[in-house]
2 protein chains.
Amino acid sequence: MDWLDRNGLTEREFLEQYRAGDYERPSVAADMVIFTVTDEEADSYRRLPEKELRILLIRRGGHPFLGKWALPGGFVQPSETTEQAAARELREETGVDDVYLEQLYTFSDIGRDPRTWVMSCSYMALINSDKLELQAGDDAADASWFKVSYRQLREQKELMEDGYVKTLEYELKLSGEEELSAVVARTLTVKTTSTSTEYKIVSNNGLAFDHAKIIACAIERLRGKVNYTDIALHLMPKLFTLTELQQVYEVIMDKELLKAAFRRKVADLVAETDHYTENAGHRPSRLYRRKLEE
Amino acid sequence: MDWLDRNGLTEREFLEQYRAGDYERPSVAADMVIFTVTDEEADSYRRLPEKELRILLIRRGGHPFLGKWALPGGFVQPSETTEQAAARELREETGVDDVYLEQLYTFSDIGRDPRTWVMSCSYMALINSDKLELQAGDDAADASWFKVSYRQLREQKELMEDGYVKTLEYELKLSGEEELSAVVARTLTVKTTSTSTEYKIVSNNGLAFDHAKIIACAIERLRGKVNYTDIALHLMPKLFTLTELQQVYEVIMDKELLKAAFRRKVADLVAETDHYTENAGHRPSRLYRRKLEE
DNA sequence: ACAATAGTGTCTTTTAGACAGTATTAA
DNA sequence: TTAATACTGTCTAAAAGACACTATTGT
């Protein structure tokens, strides 16, 4: 059936004569928060190394934000989806393919890019330290992994006639080649009729664009999902001990967990192997792998 | 400090001479899944009316997809964020303002709009039946509320060398002025190294563009959040009974709940009032309102 | 021997599920 | 009186939190 529109055109005829209007269009970038977990140097030969949560940043070589650190990313091409663009950037930046990738949020504040109208469709990637090794031969001029810390600083609640406004301030600290920091405020406006959340960058030291917001968004998503999905297992190497897995949960949540309860909880996310750690300076530990079934 | 780039320009100079490149840019639309809950007619004077979950669709008056039903939405202007665009569309379509609004996902499949390169930044809005009343005087030519049903049809698991692929098919049925239906498949690819999810429209009867996917995404978000947030309360009028609230949870989850457990669970999301239902043909019920604190 | 981690057992507390029983209204 | 919903109490089962105890290694 070929329906005619008010000009008497079929759909095919309409599409043939269609020309994109002259109205302005935004550029759309795919920006990525790439997480990994690395080992800190151990204090003593007996002690286990501590885990660190790290993200990849790239020092900007041109204006705007020359010299500041930005998330890896780039503009989406007409021949690809935002997800494909993110995967492409990931490959270009880290040489890594086939990893966990999840869309986070699309940021579109006006003026977020001083050059022109640019939206950022942001993604989170999780890669494990195994894959990180390969990345030795990357050509990214000034890319570097930064240790992440994200802590609540302040909480404030202001009552209104019709509800209240709650402001939570978080401090984001990134330690690596330089020390970067930012304060991001999450404002929760609760009214009888509606609820809305807004993120704002309160202060920013060394990060480009609104990337502090994007990083905060990624950490919150990661923290939220860790407790009810197997997402954290994408940060683990092929074989790992349950203690290592617990350390990863702890570094993500920034909170200590009880061993027995933790093991019960992850029991059906992992499968045991017959391998053990060796030469650890203490009792060997069974190695596990991610369980696919279930 | 004014850093110079490799061409010896300060940031201000750079921005002054900057001109957006000639590369192609996408149009970005903000499309909305607007949910509300309405009462079905009661069978008997004693019986409570059943609740229905409904979304707003608009019949397309021009190509492409002439005559098909589409989500309310429109292109984002350079002077607004995607969220502002969504709020503007919502106001235009329903006359309603100040409601719960949440960004869902940005869809960017190539060819999703046959006219040109268009991404859709999708939003979910929840409005209560109180506000719906006002909407009488809307001028939307062919807008109509459709009852939503979304049920799993089939589950299939295919083992691979390196993991498995699980396909879940859901049937989306929309009943209103017409009967629309679509089957959306969620494909979960689980490999040792990565996990990814993909949505695909298997069949589609009466919906425009990839909107079946967007609606499926919205329902899944709504279902996911109902159990651990107070999101469902945004679908309730100012005053409501706990049974009504339970009906709303049930119609969202498409699942019956036990009364005692339900009441315990929502106990600290609501505040009791001194009002009661009247003339119900049975024992009156206490009316509650959404609790803002906590 | 000992310093460290590995791993398990069990008690308590909290939360969820199940179901039955009593209460109250309009017609 | 009756057909309906309103509301509460209590038992059980499952999950989470807390902590203590035993086990095993390399130096």
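Further up the page is the structure itself.
Residues numbered from 1 in each chain as written. Chains lettered and ligands numbered in written order. Predicted model: local features only at pLDDT ≥ 70, side-chain atom pairs only at ≥ 80, totals over all residues.

Caption draft 1: Seen up close, the overall build of chain A. A tally of helices and strands in chain A yields six helices and twelve strands. With the C-alpha coordinates of chain A rotated into their principal frame, the extents come out at 80 × 50 × 45 Å. Counting the 294 residues in chain A, one finds 33% classified as buried. (Helix = DSSP H or I, 4+ residues; strand = E, 2+ residues; numbered from the N terminus. Buried ≥ 20, exposed ≤ 12 C-beta atoms within 10 Å, placed from the backbone.)

Caption draft 2: Geometry of the relation of the copies chain A and chain B. Its rotation angle being 180°, the transformation that places chain A on chain B also includes 0.0 Å of axial translation and leaves an RMSD of 0.0 Å. Interpreted geometrically, this transformation is the action of a two-fold axis. Residue R25 of chain A, judged by its C-alpha, is the member of chain A lying nearest the rotation axis, at 3.0 Å. Comparing contact sets, 98% of the residues at the interface of chain A also lie at the interface in chain B, consistent with an isologous, same-surface contact. (Least-squares fit on C-alpha atoms with pLDDT ≥ 70 in both. Contact = placed C-beta atoms within 7 Å.)

Caption draft 3: Structural view of the interface of chain A and chain B. Taken together, the 50 residues of chain A in the interface contact 49 residues of chain B. Its residues assigned to classes, the side of chain A that touches chain B shows 24 nonpolar, 17 polar and nine charged. (Nonpolar A, V, L, I, M, F, W, Y, C, P; charged D, E, K, R; others polar.)

Caption draft 4: Looking closely at the environment of Y199 of chain A. All names here are of chain A. As for its placement among the helices and strands, Y199 is situated in strand β10 (residues 195-205). Note: C-alpha distance between Y199 and H275 (76 residues apart in sequence) is 46 Å. When near neighbours in sequence (up to four residues on either side) are disregarded, Y199 contacts V184, R186, K213 and A216.

Caption draft 5: Spatial organisation of the environment of A86 of chain A. Residue and element names in this part refer to chain A. As for its placement among the helices and strands, A86 is situated in helix α2 (residues 82-94). According to the C-beta neighbour criterion, A86 is buried, with 28 such atoms within 10 Å. Sequence-wise, A86 and M253 are 167 residues apart; in three dimensions their C-alpha atoms are separated by 26 Å.

Caption draft 6: Up close: the environment of D5 of chain A. Among the secondary structure elements, D5 of chain A is positioned in the segment before α1 (11-17). Looking at D5 of chain A, the number of C-beta atoms within 10 Å reads 17, which means it is partly exposed. Those residues in contact with D5 of chain A that sit more than four places away from it in its chain are F14 of chain A together with G62, H63 and L66 of chain B.

Caption draft 7: Just the pairing of strand β8 (residues 163-175) of chain B, in detail. Residues and elements named next belong to chain B. Pairing geometry for strand β7 (residues 143-160) and β8, over 13 bridges, is antiparallel. The partner of L159 across the bridge, within β8, is Y164. Pairing between β8 and strand β9 (residues 179-191): 13 bridges, direction antiparallel. Bridging from a neighbouring strand, E169 pairs with A185 of β9. If you look at the hairpin formed by β8 and β9, you'll find three residues sitting between the two strands. (Pairing = 2+ DSSP bridges.)

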